[in-house]
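Remarks on the overall topology
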Amino acid sequence: MAEHSSDLIVETYKLTKIYQNRQIALNDVTLRLEPGCVLGLLGANGAGKTTLLRLIIGLHRPSAGWVKVFGKRMTANSADLRRRIGYIPTNPQFPRGMTPITYLDYMARLFGLPSEVRKPRLASLIRAVDLLSQAGQNIVGFSNGMTARLAVATSLINEPDLLIWDEPTHGLDPEARRSMLDLIKNLSREKTLILSSHNLSDIDEVCNHAAVLSRGQLIYCGSLQDLKGRMRRNHYELDLDGEQKAITKLVQALKGMGDFKSVVLRQRRLELHLTDEAVIASALAAACQQIAENKVTLVCMRSVGQQTEQAYLDLVEKEESRGFARIYHADAA
Amino acid sequence: MEASPSNPPVRIHRWLPYWAVFQADLMQTLRSWVYRTWVLMSLVAALGYLLYRVGAYREAGIVQPASDLISDLLRWTIVGSITLIIVLTVSCISSERGSMADSILSRGISRYQYFLGKWHARLTAVLGGFLLMGCLWLAASYFLLHEDLSLDGAAVALGTVAALLATVVSWGVAVSAISNSSLLGVAFLWICLYGASSLLSLLPPRFASPERMLHSLPWVLRGSYDLASHGRVLLWAVLASCLAAGVGMWYFSRRDV
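Definitions and cut-offs
Residues numbered from 1 in each chain as written. Chains lettered and ligands numbered in written order. Predicted model: local features only at pLDDT ≥ 70, side-chain atom pairs only at ≥ 80, totals over all residues. Heavy atoms only, no water. Helix = DSSP H or I, 4+ residues; strand = E, 2+ residues; numbered from the N terminus. Buried < 20%, exposed > 50% of the residue type's maximum accessible area, 1.4 Å probe, protein only. Contact = heavy atoms within 4.5 Å. Areas by Shrake-Rupley, 256 points an atom, 1.4 Å probe, with all protein chains shown as cover. Lys, Arg positive; Asp, Glu negative; His and termini not counted. Charge placed at Lys NZ, Arg CZ, Asp CG, Glu CD. Phe/Tyr/Trp six-rings, centres within 6.5 Å; stacked < 30°, edge-to-face > 60°. Pairing = 2+ DSSP bridges. Axes fitted to C-alpha atoms, helices over the stretch in contact; angles between N-to-C directions. Salt bridge = Lys/Arg side-chain N within 4 Å of Asp/Glu carboxyl O. Domains from an automatic or database assignment. Polar contact = N/O pair within 3.5 Å; in protein donor to acceptor, adjacent residues only side chain to side chain. Buried area = accessible area lost by both parts, 1.4 Å probe. Nonpolar A, V, L, I, M, F, W, Y, C, P; charged D, E, K, R; others polar.

**Considering the overall build of chain A**
On a plain count of helices and strands, chain A comes out with 11 helices and 14 strands. The principal-axis extents of the C-alpha atoms in chain A amount to approximately 75 × 50 × 40 Å. The 333 residues of chain A split such that 51% are buried. Looking at chain A alone, contacts between residues at least 24 apart form 66% of all its contacts between residues at least 6 apart. Just so you have it, chain A exposes about 16200 Å², and 48% of that area is on carbon and sulfur atoms. For chain A, the centre of its 42 positive side-chain charges and the centre of its 36 negative side-chain charges are spaced 5 Å apart.

This is how it looks when you write it as structure tokens:
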């Protein structure tokens, strides 16, 4: 943890946003983001992810609470702070009649970059995002993939310390999505990132921290490992190979063991649910012993309960089930 | 091989974002159909009116003072095309909300610079267009009609009308920064301007209201004017414009985009 508040990249305190006294978009959000963090922002539609990002970048004004970026309060006029941030909105839109070159030049001038810096930089970025052949074309006719690549180049034109990308893989084909994730992994080595995404496997792949929003409230903020660790690891899947008779015999043997709450065979996939009292290592060792004794081949074994998606769903479900107890913070409850 | 020297820190030009917005908005305004309609309409109307006057002067021999033609055209610019100018200015910020504003305001620019860039671009486009057209009308009427214009009077007349236009443009941009809807902003500003104009016309005769200024244009163009009174109008117009900019900037820097 950062010792001083000024060491933090982003810090919010009791951040609340109420739109025109009609809609509570964000409620009492306090989070701290340290240098080098890759934070995945998770939440359903309308959970407040985009509102939080817009508050961090100063596009929205908090109804209560505050946001500090690089140790200073973010306001609508904090141009100095925004010069160190690269932002991609959910659906980036571009002014009409511009080409990638003119648009990137315009964006670089908005960061105050002098000509001798911005011209070489924009040329390198256009080459890097593979838009060289479309550099002179009007942006209006661009596909989703090209638009996303241009948005990436725009967010990197000022060589920012903090990247805030709102659903960067939204609408991309698998190849473009893979390129985007690889780019994020590379950038995460030297920059701090905040990524918002509906795609939990993307978050799982590239992030080391997660924040979960539910109906405007932050219900989890911490490392991704901790989030996964909240799941009970009592659900395992085993892919088997061998004679059907031997597998059936194995299932009967496992059902007779006290460590397993349920043993279900679906074709050649065995699902094991451990009891709460079972010691995981010894129960699984016993299961492996039975597999060997019955001359069945174990193709692979995995824990289902450690997937980020299940952890997220479990967290949201738990939050919903708390009812009026939500008045109290999760830690206190 | 020697290692390449480390990059020196980039020197940021603090007013470059303002210039970027100014230039982009000026180009956008000059390309907009509203601006082109205003210029085309003004030029066609002026040409038609000038040909009518020239015909009456050359064919029927009726004396047609250039000052009458110019004062009519200047009055029409204010009264006739005010709605187009309002539409042109009120849409400048309010039409760029949402994702488009995200692309610009999320960069290294303050709201003040953004507002100033937009305001100055619209002022340049409208006043530049008006002054160019005004000079064109003056030159045409000077050569084609009965010449009764004085150079300093023409400058004062153009300056007076430009000051009134600048006030309208400034309040238009301010309303644009305040309102969410361009249509609502246009209606609101239109009502306010006509209401203010009516109220000012009720002032005692010693006060120079916009309406009285416009009616005195033929005499001003002939060189008969009170410089102090026109100076006061100019001063009030500048103050009103600065007030509009102040209100617009203050509100815009405190609102969500």
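**Some points on the packing of aromatic side chains**
Residues and elements named next belong to chain B. By the definition in use, this model includes 12 aromatic pairs over all chains. Ring geometry for Tyr35 versus Trp38: centroids 5.8 Å apart, planes at 55°, classification tilted. Residue Tyr35 and its partner Trp38 are located together in helix α2 (residues 33-58), separated by three residues, close to a single helical turn. Ring geometry for Tyr142 and Phe143: centres 5.2 Å apart, planes at 90°, overall edge-to-face. On the accessibility criterion, Phe143 (64% relative accessible area) is exposed. Joined through ring pairs, the aromatic side chains of Trp15, Tyr18, Trp19 and Phe22 make up one cluster.

**With respect to the sheet that holds strand β12 (residues 260-266) of chain A**
Residue and element names in this part refer to chain A. If you walk across this open sheet you meet the four strands as β12-β13-β11-β14, and the pairing is antiparallel. The open sheet has two free edges, formed respectively by β12 and β14 (297-303), since each of these has just one partner strand. Pairs of neighbouring strands in the sheet enclose a mean axial angle of 20°, with direction left out of account. One ladder, built from six bridges, connects strand β11 (residues 235-241) with β14; its direction is antiparallel. Bridge pairing in β14 places Asp241 opposite Thr297. The strands touched by helix α9 (residues 244-255) within the sheet are β11, β12 and β13 (269-274), with β12 carrying the most contacts at an inclination of about 165°.

**Looking at the pattern of salt bridges**
Throughout the structure, instances matching the rule amount to 27 salt bridges over all chains. Note that Arg266(A) and Glu271(A) form a salt bridge whose closest N and O atoms lie 3.1 Å from each other. On the basis of relative accessibility, which here comes to 12%, the residue Glu271(A) falls in the buried class. The shortest N-O distance in the salt bridge between Arg222(B) and Asp68(B) comes to 3.1 Å. On the criterion of sequence distance, the pair formed by Arg222(B) in the loop between α10 (217-221) and α11 (227-252) and Asp68(B) in helix α3 (residues 66-80) is long-range, its members being 154 residues apart. A relative accessible area of 24% places Asp68(B) in the partly exposed class.

**Brief notes about the domain arrangement of chain A**
Taken domain by domain, chain A comprises domain 1 (5-229) and domain 2 (231-333). With centres defined by C-alpha atoms, the gap from domain 1 of chain A to domain 2 of chain A works out at 38 Å.

**Digging into the side chain of Glu271(A)**
Residue and element names in this part refer to chain A. By the secondary structure assignment, Glu271 is in strand β13. At 3.1 Å, the side chain of Glu271 and the side chain of Arg266 are in polar contact. Those residues in contact with Glu271, other than ones at most four positions away along the chain, are His235, Tyr236, Glu237, Ser262, Val263, Val264 and Arg266.

**Section: the interface of chain A and chain B**
The interface of chain A with chain B comprises 35 residues on the first partner and 30 residues on the second. Where chain A abuts chain B, roughly 2900 Å² becomes buried across the two surfaces, and 54% of that area is made up of carbon and sulfur atoms. There are three salt bridges connecting chain A and chain B. Across the pair Asp256(B) and Lys17(A) runs a salt bridge, and its minimum N-O distance is 2.6 Å. Elements that contribute at least two residues to the side of chain A that touches chain B include exactly β1 (10-19), α1 (49-57), α2 (79-82), α3 (100-110), α4 (115-128) and α5 (144-156) of chain A. Residue classes in the side of chain A that touches chain B are distributed as 17 nonpolar, nine polar and nine charged.

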